[in-house]
Amino acid sequence: MKPPELLLPAGGLERMRAAFDFGADAVYAGSPRYSLRARNNEFAKLPVLEQGISEAHARGKKFFLTVNTLPHNSKLKTFMADMEPLIAMRPDALIMADPGLIMQVREKWPHMPIHLSVQANTTNYWGVQFWQKTGVERIILSRELSLEEIAEIRQECPDIELEVFVHGALCIAYSGRCLLSGYFNHRDPNQGTCTNACRWDYKVHGSEEDEVGDAKLLQGFDFNRAQEQADAAFEGINGQRRHPAADKVFLIEEANRPGGYMPIMEDEHGTYIMNSKDLRAIEQVAGLAEIGVDSLKVEGRTKSVYYVARVAQAYRKAIDDAVAGKPFDYGLLAELEGLANRGYTSGFLERHQTQDYQNYLAGHSLAKQSRFVGQVLEVDAEGWATVEVKNRFAVGDILEIIHPAGNQTVVLEAIMRKGEAVDAAPGNGIQVKIPHMQGKENALIAQIINPCSQMPHPPHKVTGQT
């Protein structure tokens, strides 16, 4: 079995290096102006982008550049000039969605490999064959495909690279073509300024028509009770094909904008701006590799270095185990539970009912088993590590030291701050030192807050799993 490429997001140099350190074969990063992730993108600065590409190539890794915006006319005027210095940096491929931009790049730079973005919504093998004829080398398939559909596309299109998303946030839209952020606060997701409006905290209110037909707030409305009553009515009518809530208009109120009621339609499956669970398809890695998928992709260019390292490490092991014919290691699920998440789903890869992948109950990220508390900056000759603190931790805590050479669980013996012993590192923005960290340069540190089993508490390092 050919090992698929592990492709990680990189929002900056530190996250790129972490991705490579923990097992990524390639990274993707946003181009200036033409990426769908304009926020938290260090690579929007040309010198940083050039350094990132150079470092990746020096390590024998690949660096893909996203140019996947769907531009309006105003952006076309400078596009070709803006692309000149980017092409000169020799990224390994451009990830693109707009047919016109692809046409222009193909004509002027025919040597530049192009990967078709998930934004192009490729869902069938005729679409793959069309793009292959235009010279596109890789298709990033729509997130809305099942394993069976992916396998059929591979069967019909054996000589083009296929890429599939396996982890990260899911959009409440078709492969990311979302309009919510633009609707709510005039920041267009398809132009790179998404505010993740689908993940804000909303309350749902009932509405009734006023004398001119506009929706107005219905007092005393209980959404959950109304939903239960509508569901019961729907189930109790034989042959009923339309849900009683299908034609209703609800009003939503965002937590930070009280009194601002925005109308939203409800259909028979629910209110679709509510949070989706996060994609986690690590259990499907072996199946995707067996199908012959060339690249497994992780979402998250705005996520932390901790997220990048954890996910890269877990999926690296899953890929290596699959290629070696080993059974799936269910401990990897616990590793990923330690990341902040909104609950996990395998998305459309395995067919589920809508309520299984819509997260109505937990609208906030939940850190279930561990918390990112620090990053090792350097280690002195005596083994004391200087740690940049991210969250509070204390003497006696069980910590996991996350390192490319292997993870270790330790019981923290001591903390030094400014030369004095302290009981705790109070929180973000300070540096402390911790002992017994020989060989752990650039490690990440997670506090175990819900260990699966009772851990020992000897006054020295122990090795084990969380």
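Bear in mind that the values here come from a model prediction, so they are computed numbers and not experimental data.

### Points about the overall build of the protein chain
In step 1: Counting its regular elements, the protein chain contains 12 helices and 25 strands.
In step 2: Sequence-distant contacts, at least 24 apart, represent 67% of the contacts inside the protein chain between residues at least 6 apart.
In step 3: Summed over its atoms, the accessible surface of the protein chain is roughly 21800 Å², and 49% of this surface lies on carbon and sulfur atoms.

### Quick word on helix H3 (residues 73–88)
In step 1: Helix geometry: H3 is bent most strongly at Phe79, by close to 45°.
In step 2: Remark: Arg90 follows H3 within two positions and exhibits a positive phi of approximately 60°.

### What about the confidence of the model for the protein chain?
In step 1: This prediction gives the protein chain a mean pLDDT of 84; 80% of its residues lie at or above 70.
In step 2: A low-confidence stretch, residues 266–272 stays under pLDDT 50, and its non-local contacts, those more than four residues away or across chains, total 21 contacts.

### Brief notes about the pattern of salt bridges
In step 1: Applying the stated criterion across every chain yields a total of 19 salt bridges.
In step 2: Across the salt bridge formed by Glu5 and Arg138, the nearest N and O atoms sit 2.9 Å from each other. Linking Glu5 in strand S1 (residues 5–9) with Arg138 in strand S6 (residues 138–140), this pair joins segments that are 133 residues apart in sequence. The residues Glu5 and Arg138 share a single accessibility class, namely buried.
In step 3: The residue Glu55 makes a salt bridge to Arg17 at a minimum N-O spacing of 2.7 Å. Residue Glu55 is located in helix H2 (residues 46–58), and its partner Arg17 is located in helix H1 (residues 13–21); the two are separated by 38 residues in the primary sequence.
In step 4: Looking at Glu55, the relative accessible area reads 22%, which means it is partly exposed.
In step 5: One continuous salt-bridge network, built from bridges that share partners, spans Glu5, Arg138, Glu161, Glu163 and Lys297.

### Here's the deal with unusual backbone geometry
In step 1: Unusually for a residue other than glycine, Lys418 sits at a positive phi of about 55°.
In step 2: Within the secondary structure layout, Lys418 lies in the loop between strand S21 (415–417) and strand S22 (420–422).
In step 3: Positive phi, normally seen in glycine, also occurs at His436, with a value near 60°.
In step 4: With respect to the helices and strands, His436 occurs in the loop between strand S24 (431–434) and strand S25 (444–448).
In step 5: For His436, a relative accessible area of 34% translates into the label partly exposed.

### Some thoughts on the packing of aromatic side chains
In step 1: According to the stated counting rule, one finds six aromatic pairs in the structure shown.
In step 2: Centre to centre, the rings of Tyr34 and Phe79 are 5.1 Å apart; their planes meet at 90°, and the pair counts as edge-to-face. With Tyr34 in the loop between strand S2 (26–30) and H2 and Phe79 in helix H3, this residue pair connects regions lying 45 residues apart in the sequence.
In step 3: Residue classification places Phe79 among the buried residues on the basis of a relative accessible area of 2%.
In step 4: Ring geometry for Phe328 and Tyr330: centres 4.9 Å apart, planes at 90°, overall edge-to-face.
In step 5: Residue classification places Phe328 among the partly exposed residues on the basis of a relative accessible area of 24%.
In step 6: Here the guanidinium or amino end of Arg143 rests over the ring plane of Phe165, the centre of that ring lying 3.9 Å away.

### Some words on the packing of H1 against helix H10 (residues 305–323)
In step 1: Closest axis-to-axis distance for the H1/H10 pair is 8 Å, and the angle between their directions is 15°. Here H10 runs roughly parallel to H1, going by the angle between their axes. In the packing of H1 onto H10, the handedness of the crossing is right-handed. Within the contact between the two elements, H1 uses Glu14, Arg15, Ala18 and Ala19 and H10 uses Val305, Val308 and Ala312.
In step 2: Class assignment of the residues belonging to the contact of H1 with H10 gives a composition of five nonpolar, no polar and two charged.

So, how was this worked out
- Residues numbered from 1 in each chain as written.
- Predicted model: local features only at pLDDT ≥ 70, side-chain atom pairs only at ≥ 80, totals over all residues.
- Heavy atoms only, no water.
- Helix = DSSP H or I, 4+ residues; strand = E, 2+ residues; numbered from the N terminus.
- Contact = heavy atoms within 4.5 Å.
- Areas by Shrake-Rupley, 256 points an atom, 1.4 Å probe, with all protein chains shown as cover.
- Bend = angle between axes of the 7 residues up to and from the residue.
- pLDDT = per-residue confidence, 0-100.
- Salt bridge = Lys/Arg side-chain N within 4 Å of Asp/Glu carboxyl O.
- Buried < 20%, exposed > 50% of the residue type's maximum accessible area, 1.4 Å probe, protein only.
- Phe/Tyr/Trp six-rings, centres within 6.5 Å; stacked < 30°, edge-to-face > 60°.
- Lys NZ or Arg CZ within 6 Å of the ring centre and 35° of its normal.
- Axes fitted to C-alpha atoms, helices over the stretch in contact; angles between N-to-C directions.
- Parallel < 35°, antiparallel > 145°, perpendicular 65-115°, else oblique.
- Left-handed = near helix turned anticlockwise from the far one by under 90°.
- Nonpolar A, V, L, I, M, F, W, Y, C, P; charged D, E, K, R; others polar.

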